Amino acid sequence: MSNSLADIRRDFERVSPAIVKQASQFASSILADVAGRRGALHGRIQPLSHSFRIAGPAFTIEIRPGDNLMIHAAMAMAKPGDILVIDGKADITCALMGSIMIHACQKLGLGGVILDAAHRDTEELLEMGFPVYSVGANPNGPTKYIPGRINWPVSCGDVVINPGDLIVADGDGVVVVEREKAESMLVLAQAKFNDEQQRLKDIASGAALRPKWLEGALRAAGVLGEGEAL
């Protein structure tokens, strides 16, 4: 079997560390907005703690529901800063990762875990402070014998994620930006951030409590006629 078709891909291009560092300054909501209201993972994937903030390249894993063999393999391959993105098919009948595996992830210097499935050992994970996003908790353990794929495109939280894509996550959830688009999205993100900061200042001062675009949008929607105002 040629390397390009192997179930385990070892080499791929990651989003650059410079872009990751810059992206870490922005909220996931900012990036989702400038990406066209796309890239946000389904809200079923939530952080164990809303204080988590992570940014890094996606290291993608596809598994069969209830089996974590390929997650162990991925942990042996991932590099510091990588974020494990696991397509667990939203199964919550058992946990795919718990305290032992997450301790190993922390020791390996990984950036976090995005798990479209369940975790366990919640209290210990919260004490560790290592960023884990999952669908929920289940004390049941997984099996470890079903093959899967590493560093192929996956569907996680109903969004397609490729290895090396930019992952940004915080208390709101997780957003992914395609690696090829990440740099251009950061320019837009900075502009939106600046606009929102000015908007907050205007609200605080009372200078502009109403969005400037509101009446135009209402006319475009047919709610207001030409020349009509609120």
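Residues numbered from 1 in each chain as written. Predicted model: local features only at pLDDT ≥ 70, side-chain atom pairs only at ≥ 80, totals over all residues. Heavy atoms only, no water.

Undergrad: What should I look at first to understand helix α4 (residues 99–108) in this one?
TA: What sets the pattern is the α-helix's 3.6 residues per turn: residues three or four places apart point alike. Among the residues making up α4, those that are buried are S99, M101, I102 and C105. Within α4, the buried residues cover an arc of 165° as seen down the axis, which keeps them to one side. In this structure, α4 carries I100 and K107 as exposed residues pointing more than 90 degrees from its buried face. Looking at the buried side of α4, the elements it contacts are α3 (69–77), β3 (83–97), β4 (112–119), α5 (122–128) and β5 (132–134). One or two steps after α4, the chain reaches G109, where phi turns positive at roughly 80°. (Buried < 20%, exposed > 50% of the residue type's maximum accessible area, 1.4 Å probe, protein only. Helix = DSSP H or I, 4+ residues; strand = E, 2+ residues; numbered from the N terminus. Arc of directions from axis to C-beta. Contact = heavy atoms within 4.5 Å.)

Undergrad: Would you explain the nonpolar core in this entry?
TA: Nonpolar side chains in soluble globular proteins generally cluster together in the buried interior. Counting residues in each nonpolar core, the largest one holds 43 residues, and the members touching the most others are L84, I86, M97, I114 and I161. It is β3 that provides the largest number of residues to this core, a total of six residues. Among the nonpolar cores identified, the runner-up in size contains 19 residues, and F26, L31, V168 and A189 belong to it. (Core = buried A, V, L, I, M, F, W, Y, C linked by side-chain atoms within 4.5 Å.)

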